[in-house]
Amino acid sequence: MAFDASVETITVMSKKLFQHIGLIEDTDAWLLVCKNWINDILSTPMPTSLSRMPTTISPSAPTRPNFALRDITPDKRLNELEFHFPVKVNDAFLTKLQSQGYLDTSSQLSMLEVSGMMTGFIDLIVEYEGQYYLIDYKSNDLGEAQTSYESESLSHAMVHHQYDLQYLIYSVALNRYLTQSLADYDYQRDFGGICYLFLRGMSGNTGDGIYFDKPEAQLIKDLDALLTPEVREQS
């Protein structure tokens, strides 16, 4: 579905969803709920700087105009980017992350040396005003109140589920993809950041239900080298 889909399109797709999950009672009431929720998700502006995320790890990021999913046209999005690359993960990788403030709750975590092929999918990549954003959808139920989806609660959920580890690996993969795909690519200038969308908390207000971070360029470079040391040493 296009992010700028009409009300009619959203209505049709919502009805198809109801049929798929077997919802046959009170469909009119649920249709209104569903349409309003989808509208909120599509309309919530992303926090494209760290000003609303005081507990986010990266200390600085350029201030950019806010955008919502609804602003992204089909030619400016890439769905489910699949990546594959050889990896070698060991304690040096974990130590590097923790030295930068990531994986705070993982002091007892230890990695055996693992070598192999890493495969993954990035939910969504969008381009807005020349910058590229990594977006991941989360359906976690953090609570019934809107305050359950404010920055402190989102930060807790990110750390608890180790989503920071996930998005740092995704960032390495996306950085490699953009390096190969764009002439004169520069991480600091062209990589907009990471937005984790906690869909239940997106209310239409800027940043609600959205966790934002932009890791430092040097960290991404270091993690890239740690993930595939032999490959990087030969290049």
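Relevant structure appears above.
Residues numbered from 1 in each chain as written. Predicted model: local features only at pLDDT ≥ 70, side-chain atom pairs only at ≥ 80, totals over all residues. Heavy atoms only, no water.

**Concerning the packing of aromatic side chains**
What counts is decided by this rule: Geometry of aromatic contacts follows a simple scheme: Phe, Tyr and Trp rings, the Trp one being its six-membered ring, pair when their centres are within 6.5 Å, and the pair is stacked under 30 degrees between planes, edge-to-face over 60, tilted otherwise. Remark: exposure states derive from per-residue accessible area (1.4 Å probe, protein chains only) relative to the maximum for the residue type, with buried under 20%, exposed over 50%, and partly exposed in between. Two thresholds decide whether a charge sits over a ring: the Lys NZ or Arg CZ must be within 6 Å of the ring centre and within 35 degrees of the ring normal.
As enumerated under the stated definition, the model contains eight aromatic pairs in all. Measuring from centroid to centroid gives 4.8 Å for Y187 and F191, while their planes differ by 20°, and the two rings are stacked. Summarising the burial analysis for this pair, Y187 and F191 share the class buried. Three or more aromatic residues joined by ring pairs make a cluster, and in this case those are Y102, Y163, Y167, Y196 and Y211. Taking the ring centre of F3 as reference, the NZ or CZ of R77 above it sits at 3.8 Å. Of note, K214 hangs over the ring of Y187, and the distance from its end group to the ring centre comes to 5.5 Å.

**Considering the pattern of salt bridges**
The criterion, for reference: One side-chain nitrogen of Lys or Arg within 4 Å of one carboxyl oxygen of Asp or Glu is enough to make a salt bridge.
What the rule picks out here adds up to six salt bridges. Across the salt bridge formed by D136 and K138, the nearest N and O atoms sit 3.1 Å from each other. Grouping residues by exposure puts D136 and K138 together as buried. Of the charged contacts, one joins R189 and D190 as a salt bridge, the two residues approaching to 2.8 Å between their closest N and O atoms. Residues participating in the shared-partner salt-bridge network are D184, R189 and D190.

**A closer look at helix α7 (residues 217-227)**
Note the threshold: A run of H or I in DSSP becomes a helix once it reaches four residues, and a run of E becomes a strand once it reaches two; helices and strands are each numbered from the N terminus. Taking the helix axis as origin, the arc is that swept by the directions to the C-beta atoms.
Within α7, the full set of buried residues consists of L219, I220, L223, D224 and L227. Buried residues in α7, looked at end-on, bunch into an arc of 135°, giving them a common side.

**A look at the side chain of S148**
Considering the arrangement of structural elements, one finds S148 in the loop between β3 (131-138) and α4 (151-160). Judged by relative accessible area, S148 falls into the buried class, the value being 14%.

**Some thoughts on the pairing of strand β4 (residues 191-198)**
Defined as follows: One requirement defines pairing of two strands: DSSP has to find at least two bridges between them.
In terms of residue burial, β4 counts as a mostly covered element, since eight of its eight residues are buried. Across seven bridges, the pairing between β3 and β4 is parallel. Paired with I135 across the strands is C195, a residue of β4. Strand direction decides the pairing type here: β4 and strand β5 (residues 210-213), joined by four bridges, are antiparallel. Across the sheet, residue I194 finds its bridge partner in β5, namely D213.

**Concerning unusual backbone geometry**
For D26, which is not a glycine, the phi torsion comes out positive at approximately 55°. Structurally, the position occupied by D26 is in the loop between α1 (7-21) and α2 (27-43). You can call D26 exposed: its relative accessible area is 57%. A positive phi angle, near 50°, is found at E80, a position not held by glycine. Summarising the element assignment, E80 is placed in strand β1 (residues 77-89). Exposure remark for E80: the relative accessible area of 55% places this residue in the exposed category.

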